[in-house]
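Structural features, examined
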Amino acid sequence: MGLVWRVGVGIVLVTLLAAGDARTRLYIGGMWPSTRNPFYFSAHADLAMRMAVKDVNSDVHLLPDHELILELYDSQCNVGLTLYQMNQILTSSRTAIALLGEACSPVTQPLAAASQYWNVSLFNFVSQSVKLDDRTEYSRYYHILPAETALNQARVHLLKTFNWRKSVIILQSSDVFTLVCCMCVVCCPYMRN
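Not measured: the values here are computed from a predicted model.

**A short note on the state of the cysteines**
Taken as a whole and judged by the stated rule, the model has one disulfide. Bridging cysteine 77 to cysteine 104, the disulfide has an S-S length of 1.6 Å. Of this pair, cysteine 77 sits in the loop between β2 (66–74) and α3 (79–91) while cysteine 104 sits in the loop between β3 (96–101) and α4 (105–118), and the two are 27 residues apart along the sequence. Like cysteine 104, cysteine 77 is buried.

Encoded structure:
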């Protein structure tokens, strides 16, 4: 009786494992700073991404016969490290379908440029570089939130609403933010007096 029971349990386990393997695993690589710049949202973003993947995987109608696997990496806002992590994700035997991240615009630009050569989409909800709007150079890059320049119209409207003739924009000295500032000044010709 004990042998029959063991064989029966073995068959059930093999059947369950085989059924579990029937789902095709689709990998998503997430890269953003979590140790060097913890203020960036990393803990909350990690949790939100894991919850979203869990919700998608629990609904059999969304991706039938597929399972999303989220692999998160600490990019440390480092271009070389992030490109290395991207290479690790895309050259492994796993089926990587998309990349998420990076929080630092100077790191996002080379990552977005490289993603088109790997034919994988990069989705981002933080980087604000105006350069990333160039669809010829970054054809596989997608903003989840609008670029910083999309807020220029709102800024101009705010200035006009309060009839402000002068304003000051304090910005970080990098091409990411100076381009936004320059574009905003171009949008506000009435303030040049």
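The rest of the description comes next.
**Details of the pattern of salt bridges**
A full pass over the atoms with the stated rule returns one salt bridge. Where arginine 25 meets glutamate 67, a salt bridge forms, and the shortest distance between an N and an O atom there is 3.4 Å. Within this pair, whereas arginine 25 is found in strand β1 (residues 24–32), its partner glutamate 67 is found in strand β2, the two being separated by 42 residues in sequence. Looking at arginine 25, the relative accessible area reads 43%, which means it is partly exposed.

**Considerations on the nonpolar core**
Met31, Met86, Ile89, Leu90, Leu99, Leu111, Ala112, Val120, Leu122, Leu132, Tyr138 and Tyr141 together form the largest nonpolar core, which totals 12 residues. Every element with two or more residues in this core is listed here: α3 and α4. Top element by residues in this core is α3. It accounts for three residues. Look past the residues within four positions of isoleucine 89 in its chain and what remains in contact with it is Gly29, Met31, Tyr73, Arg94, Ala96 and Leu99. Within the second largest apolar cluster, 10 residues are counted, among which are Trp32, Met49, Leu100 and Ala103.

**Some thoughts on the pairing of strand β4 (residues 121–124)**
Relative to β4, β3 runs parallel, the two being bridged by three bridges. When the bridges of β4 are listed, leucine 99 appears paired with leucine 122. As paired elements, β4 and strand β5 (residues 141–143) share three bridges and run parallel to each other. Within the sheet, the bridge partner assigned to leucine 122 lies in β5 and is tyrosine 141.

**With respect to the sheet that holds β4**
Strand order in the open sheet formed by five strands is β2-β1-β3-β4-β5, with parallel pairing between adjacent strands. With one partner strand each, in any of the chains shown, β2 and β5 form the two edges of the open sheet. Within the sheet, the average angular offset between the axes of one strand and its neighbour, ignoring direction, is 25°. On top of the sheet, α3 reaches β1, β2 and β3; it is set at about 180° to β1, its chief contact. In the packing of α4 onto the sheet, contacts are made with β1, β4 and β5, and the angle to β4 comes to roughly 150°.

**A word on the side chain of serine 121**
Among the structural elements, serine 121 can be located in strand β4. A polar atom in the side chain of serine 121 sits 3.1 Å from the side chain of arginine 140. In this structure serine 121 touches Ile97, Ala98, Leu99, Arg140 and Tyr142, once residues within four positions along its chain are discounted.

**Regarding α4**
In this model, α4 (14 residues) spans 20 Å end to end at C-alpha, consistent with the 20 Å of a helix rising 1.5 Å per residue. Along α4, the residues that are buried comprise Ser105, Val107, Thr108, Gln109, Leu111, Ala112 and Ser115.

**Brief notes about a nonpolar patch on the surface**
On the surface, Leu158, Phe162 and Trp164 cluster together into a nonpolar patch covering about 310 Å² of accessible area. Note on placement: phenylalanine 162 falls in the loop between α5 (152–161) and α6 (175–187).

**What about the environment of leucine 90?**
Tracing the backbone through its elements, the reader meets leucine 90 in helix α3. Spatially, the C-alpha atoms of leucine 90 and glycine 29 are 8.8 Å apart, while their sequence positions differ by 61 residues. Excluding its chain neighbours within four sequence positions, the residues that come into contact with leucine 90 are Ala96, Trp118 and Val120.

Cut-offs used in this document
Residues numbered from 1 in each chain as written. Predicted model: local features only at pLDDT ≥ 70, side-chain atom pairs only at ≥ 80, totals over all residues. Heavy atoms only, no water. Disulfide = S-S within 2.5 Å. Helix = DSSP H or I, 4+ residues; strand = E, 2+ residues; numbered from the N terminus. Buried < 20%, exposed > 50% of the residue type's maximum accessible area, 1.4 Å probe, protein only. Salt bridge = Lys/Arg side-chain N within 4 Å of Asp/Glu carboxyl O. Core = buried A, V, L, I, M, F, W, Y, C linked by side-chain atoms within 4.5 Å. Contact = heavy atoms within 4.5 Å. Pairing = 2+ DSSP bridges. Axes fitted to C-alpha atoms, helices over the stretch in contact; angles between N-to-C directions. Polar contact = N/O pair within 3.5 Å; in protein donor to acceptor, adjacent residues only side chain to side chain. Expected span 1.5 Å × (residues − 1). Patch = residues over 30% accessible without salt bridge, like charges linked within 9 Å, V, L, I, M, F, W, Y side chains within 5 Å. Areas by Shrake-Rupley, 256 points an atom, 1.4 Å probe, with all protein chains shown as cover.

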